[in-house]
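If you want the building blocks of each chain, they are given just below.
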Amino acid sequence: MHLAQLNVAHMRAPVDSPELAEFVALLEPVNALADGTPGFVWRLKESESDPTATVVHDYGDHLLINFSVWESREALWNFVYRSPHLDALRRRREWFLRVAEPYMVMWWTPEGEIPSLAEGMRRLERLRAGGPGPEAFTFQDFYDASEAAHLPAAAEARK
């Protein structure tokens, strides 16, 4: 099993505004760092040619989406908290609004399968509505892959 993660952030201003210029300048190096981190599997990209392009979606103009798959919790943890990514994470309040509801969710997905953005958003809504469980959890309330093994097959869960 691989670990999928989705996180969303409500931008303080449009992505092309001066207020977010420093954040946008960090996209290329941070994304390159993620891509080269041991245990990285995949991330959703808007463009193969523009490393600063943010994902276009139907969930709101000021909602920034980060969606990726990792080999393990440790691989994702090391990228988030033990790499230069942490410097950007510490500055998130400069660029994004504080939210009172969960903004990040994780779940296990079969190795070799890439979940859809719609599934990720459903998992986030599941976490918000019912709290953490084997099908939608966080670093703080983590469920290992064996706890998710009793869940229906990923294809069935997406229906």
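These numbers come from a predicted model, not from an experiment.

Participant: Please explain the pattern of salt bridges as it appears in this structure.
Facilitator: Should the charged atoms of two oppositely charged side chains come close, the side chains can pair. What the rule picks out here adds up to nine salt bridges. Salt-bridge contacts for Asp35 lead to Arg43; the nearest nitrogen and oxygen are separated by 2.7 Å. Residue classification places Arg43 among the buried positions, given a relative accessible area of 17%. Taking the shortest distance from any N to any O, the salt bridge between Glu119 and Arg123 comes out at 2.8 Å. Taken together, the residues Glu119 and Arg123, both in helix α5 (residues 117–130) and four residues apart, mark about one turn of the helix.

Participant: What should I look at first to understand the packing of aromatic side chains in this one?
Facilitator: The final tally for this structure, using the stated rule, is twelve aromatic pairs. Both rings, one in Phe137 and one in Phe142, keep their centres 5.0 Å apart while their planes meet at 80°; by these two values the pair is edge-to-face. Counting every residue linked through ring pairs, the aromatic cluster contains Trp108, Phe137, Phe142 and Tyr143. The aromatic ring of Phe142 is capped on one face by Arg73, whose charged end is 4.9 Å from the ring centroid.

Participant: Explain the environment of His85 to me, please; I cannot follow it from the model alone.
Facilitator: Along the chain, the position of His85 falls in helix α3 (residues 85–90). Since its relative accessible area comes to 15%, His85 is described here as buried. Residues within four places of His85 in sequence aside, it is in contact with Val30, Leu33, Phe79 and Val80.

Participant: I keep staring at the sheet that holds strand β3 (residues 63–70) and nothing clicks. Help me out?
Facilitator: Within a sheet, adjacent strands bond to each other through the backbone by hydrogen bonds, running parallel or antiparallel. Taken in spatial order, the four strands line up as β2-β3-β1-β4 in an open sheet, and their pairing is antiparallel. Each having just a single partner strand, β2 (40–43) and β4 (104–109) make up the two edges of the open sheet. For this sheet the average axis-to-axis angle between neighbouring strands, irrespective of direction, equals 20°. As defined by bridge partners, β2 adjoins β3 across three bridges and the pair is classed as antiparallel. Bridged to Phe40 within β3 is Trp70. Against the sheet, α5 engages β1 (2–10), β3 and β4, with an angle of about 120° to β4.

Participant: Even after reading the chapter, I still don't get α5, so can you show me in this structure?
Facilitator: The end-to-end C-alpha distance of α5 is 20 Å, a good match for the 20 Å that 14 residues give at a rise of 1.5 Å each. All of the buried residues in α5 are Leu117, Glu119, Gly120, Met121, Arg123, Leu124 and Leu127. Count one or two residues on from α5 and you reach Gly131, which has phi positive near 80°.

Participant: Explanation requested: the side chain of Glu135 in the structure shown.
Facilitator: Position of Glu135 among the secondary structure elements: in the loop between α5 and α6 (145–148). Glu135 sits in the buried class, given a relative accessible area of 19%. Polar side-chain contacts of Glu135 include one of 2.4 Å to the side chain of Arg126.

Participant: Would you take a moment to explain the side chain of Ser68 for this structure?
Facilitator: Mapped onto the elements, Ser68 comes out in strand β3. Under the relative-accessibility criterion, Ser68 is labelled buried at 4%. In this structure the side chain of Ser68 is engaged in a polar contact, spanning 2.7 Å, whose partner is the side chain of Trp70.

Conventions used here
In this convention, every chain numbers its residues from 1, walking through the sequence in written order. Totals for whole chains, interfaces and linings use all residues, but because this is a predicted model, local features are given only for residues with pLDDT of at least 70 and pairs of side-chain atoms are given and counted only at 80 or more. Side-chain numbers here rest on the full set of heavy atoms in the structure, without hydrogens or water. In the sections that follow, a salt bridge refers to a side-chain nitrogen of Lys or Arg positioned within 4 Å of a carboxyl oxygen of Asp or Glu. Partly exposed describes any residue whose relative accessible area lies between the buried limit of under 20% and the exposed limit of over 50%, with all areas from a 1.4 Å probe on protein chains only and scaled to the type maximum. Strands here are runs of E lasting at least two residues and helices are runs of H or I lasting at least four, both read from the DSSP assignment and numbered beginning at the N terminus. In this scheme Phe, Tyr and Trp rings, the latter by its six-membered ring, pair at centre separations within 6.5 Å, and the angle between planes marks the pair as stacked below 30 degrees, edge-to-face above 60, and tilted otherwise. Working rule: Lys NZ or Arg CZ, within 6 Å of ring centre, within 35 degrees of ring normal, means a charge sits over the ring. A contact between two residues is defined here by any heavy atoms of the two lying within 4.5 Å. Whether two strands pair comes down to DSSP finding at least two bridges between them. For helices, the axis comes from a line fit to the C-alpha atoms of the stretch in contact; other axes are also lines fit to C-alpha atoms, and the angle between any two N-to-C directions lies between 0 and 180 degrees. One less than the residue count of a helix, multiplied by 1.5 Å, gives the span that helix is expected to have. Each polar contact in these results corresponds to two N or O atoms within 3.5 Å; when the atoms are within protein, one needs to be able to donate a hydrogen and the other to accept it, and residues that are neighboring in sequence are counted only if both atoms are side-chain atoms.

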